[in-house]
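Structural description and commentary
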Amino acid sequence: MEFKDYYKVMGVARDATEAQIKQAYRKLARKYHPDVSKEKDAEARFKEVGEAYEVLKSPEKRAAYDQLGQGPRPGEEFRPPPDWGAGFEFSGAGGGRDQDYSDFFESLFGGAGRGPRGAHRGPDARGEDHHAKILLDLEAALTGGSRTITLRVPELDAEGRLMAKERVLNVQVPKGILAGQTIRLAGQGSSAGAKTPGDLYIEVEFQPHTLYKVDGRDLILELPVTPWEAALGATVKAPTPGGTVELKVPANAHAGTKLRLKGRGIPASTPGDLYGVMQIALPAADDDAAKAAYRTFAEALPFNPRNRLGV
Amino acid sequence: MRADNQAALAGEIFDDRPVLTVEELSRLCAVDRTFIVELVEEGVLSVTEVHGGEWRFPGAALRRARTALRLQRDLEINLPGVALALELLEQLESLRRELGLVGR
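Residues numbered from 1 in each chain as written. Chains lettered and ligands numbered in written order. Predicted model: local features only at pLDDT ≥ 70, side-chain atom pairs only at ≥ 80, totals over all residues.

On to the overall build of chain A. Tallying secondary structure elements over chain A gives eight helices and 11 strands in all. Counting over 311 residues, chain A shows a buried share of 26%. Excluding contacts between residues fewer than 6 apart, the proportion of contacts in chain A whose partners are at least 24 apart in sequence is 55%. (Helix = DSSP H or I, 4+ residues; strand = E, 2+ residues; numbered from the N terminus. Buried ≥ 20, exposed ≤ 12 C-beta atoms within 10 Å, placed from the backbone. Contact = placed C-beta atoms within 7 Å.)

Next up on the list: the sheet that holds strand β5 (residues 200–206) of chain A. Pairing within the open sheet is mixed, and its four strands lie in the order β1(A)-β5(A)-β4(A)-β2(B). Two strands bound the open sheet, and with one partner strand each, they are β1 (130–136) of chain A together with β2 (12–13) of chain B. Direction of pairing for strand β4 (residues 182–185) of chain A relative to β2(B): antiparallel, over a ladder of two bridges. Note that in β2(B) the partner of I183(A) across the bridge is I13(B). (Pairing = 2+ DSSP bridges.)

The biggest cluster of nonpolar side chains holds 40 residues, and the ones touching the most others in it are L25(B), A61(B), L62(B) and A65(B). Taken domain by domain, this core gets at least three of its residues from each of domain 2 (130–206) and domain 3 (212–300) of chain A. Those residues in contact with A61(B), other than ones at most four positions away along the chain, are L20(B), L25(B) and L45(B). M10(A), I21(A), V49(A) and Y53(A) belong to the second largest nonpolar core, which has 17 residues in total. (Core = buried A, V, L, I, M, F, W, Y, C linked by C-beta atoms within 7 Å. Domains from an automatic or database assignment.)

Residue and element names in this part refer to chain A. Strand order across the open sheet formed by four strands is β6-β7-β11-β10, with mixed pairing between neighbours. At either margin of the open sheet sits one strand with a lone partner, and together these are β6 (212–215) and β10 (258–261). Direction aside, neighbouring strands of the sheet carry axes that sit 30 degrees apart on average. Note: strand β7 (residues 218–225) against strand β11 (residues 274–280), seven bridges, orientation parallel. If you follow P224 over to β11, its bridge partner there is Q279. (Axes fitted to C-alpha atoms, helices over the stretch in contact; angles between N-to-C directions.)

Attention now goes to the interface of chain A and chain B. By a widespread convention, an interface's size corresponds to the accessible area lost as its parts come together. The interface of chain A with chain B comprises 30 residues on the first partner and 27 residues on the second. For the side of chain A that touches chain B, the elements supplying multiple residues, two or more each, are α2 (18–32), β3 (162–173), β4, β5 and β6 of chain A. In terms of residue count, β3(A) provides more of the side of chain A that touches chain B than any other element does, eight residues in total. When grouped by side-chain class, the residues that make up the side of chain A that touches chain B number 12 nonpolar, nine polar and nine charged. (Nonpolar A, V, L, I, M, F, W, Y, C, P; charged D, E, K, R; others polar.)

The next thing to look at is the confidence of the model for chain B. All names here are of chain B. Across chain B, the average pLDDT comes to 83, with 86% of residues at 70 or higher. Note on residues 1–5: pLDDT under 50 across the span, and nine contacts to partners over four residues away in sequence or across chains. The ipTM assigned to the predicted complex is 0.74, against a pTM of 0.70. (pLDDT = per-residue confidence, 0-100.)

As a further point, take the pairing of β6(A). On β6(A), burial follows the alternation: Y212(A) and V214(A) on one face are buried, whereas K213(A) and D215(A) on the facing-out side are not. Here β6(A) hands over to β7(A) after two residues, with G216(A) in that stretch at a positive phi of 60 degrees.

All names here are of chain A. In this model, chain A carries a mean pLDDT of 84, and residues with pLDDT of at least 70 account for 85%. Confidence drops under pLDDT 50 across residues 92–97; counting only partners more than four residues distant or on other chains, this segment forms nine contacts. Every residue in residues 112–122 is under pLDDT 50, and counting partners more than four places away or in other chains gives 20 contacts.

Attention now moves to helix α1 (residues 22–29) of chain B. Residue and element names in this part refer to chain B. Regarding α1, the residues found buried are L25, L28 and C29. Considered in projection along α1, the buried side chains sweep an arc of 90 degrees and stay on one side of the axis. Buried residues along α1 sit in contact with α2 (33–41) and α3 (60–75). Of the residues flanking the end of α1, it is A30, one or two places downstream, whose phi is positive at about 55 degrees. (Arc of directions from axis to C-beta.)

Rendered as structure tokens:
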């Protein structure tokens with residue numbers, strides 16, 4: 001088992017005051033809160049910080065933890081001492097949160113003050129609802145279809161400790177689901193101690209797509225065109241989720257011109273649109289012929305794009 | 001690891017149903033109904049219709065209420081603070097989206 005240095009996690013000294021610990025927690029919690037943070041490992045860091053704070057904010061837990069010293073020497077396995085916890089009374093280990101703690105935390109403070117959840121309910125009550133988040137590929141929203149998703153579900157083991165279990169579900173994704181929406185799976189929540197199982201609610205976000213960006217129901221595609229296609233107008237090919245289409249570029253188009261393909265976005269009773277946002281792509285001037293062509297261009301079209309800048 | 005069901009489970013888009021009552025919302029968030037009322041009073045949640053004298057929320061209110069709850073609990077901020085944070089997060093989200101649309 002890995003020893004957790006909670007002081008290091010919080011970035012405080014071992015003799016930090018309660019106020020300093022609280023301050024450090026607040027700062028880190030704001031930085032890594034999964035609803036606020038865009039840091040890559042925000043969720044894992046937030047859990048780690050929450051766990052450290054859970055221990056360090058409680059005088060009893062902190063005192064007990066301090067007795068462990070600085071942890072085992074590098075490469076050594078950590079094991080709780082046999083007389084661990086003697087003389088300390090821990091209350092409310094879980095703090096009412098449904099998060100799963102590290103094995104290290106569980107081995108020290110697990111089980112304390114955390115009764116089986118839902119135990120107060122009668123046997124005929126509804127089971128607990130579960131909530132999860134998933135990252136879906138955009139195609140799932142465009143066409144619907146089944147996806148296998150893996151969820152980490154907190155479950156109580158035989159000793160009443162909260163453990164994260166993997167649960168694999170095969171889900172029919174409803175066509176037209178949008179980022180930020182929730183999929184409900186009736187009866188897929190917890191059935192522990194209940195006649196009717198609860199429901200499972202899954203918040204959906206999309207993985208970044210290689211071609212399209214998503215704005216509500218609309219899809220946005222960066223569409224590169226040549227300078228002459230933009231200037232003279234042209235019919236160019238563009239990918240859409242439903243296959244390649246021909247798109248008319250109007251004459252005198254410029255970078256940023258939006259070309260709308262109605263109804264080619266995410267399906268719905270009023271489906272979203274697909275927008276091709278034009279980007280002018282310049283051929284490289286890497287041989288004599290190309291350089292000559294650019295020079296001809298320059299002579300034929302005296303043009304100062306910096307007019308507006310006053311130079 | 002086990003696949004719970006061989007056949008795919010049919011998912012429904014929850015947000016399509018503008019029918020959550022205060023009771024349902026408070027049960028789904030595992031909070032007291034007064035918390036939901038406070039969220040409405042603070043303008044975090046908006047009531048889309050009143051049905052027989054009872055409030056109804058869109059399904060999307062679930063996610064918003066749960067986010068508000070997490071912010072309040074994890075960051076120990078009060079409801080006006082939560083409301084402000086949610087608003088700023090939304091602005092940030094739409095700015096990020098716009099930025100994402102302009103080049104990479």
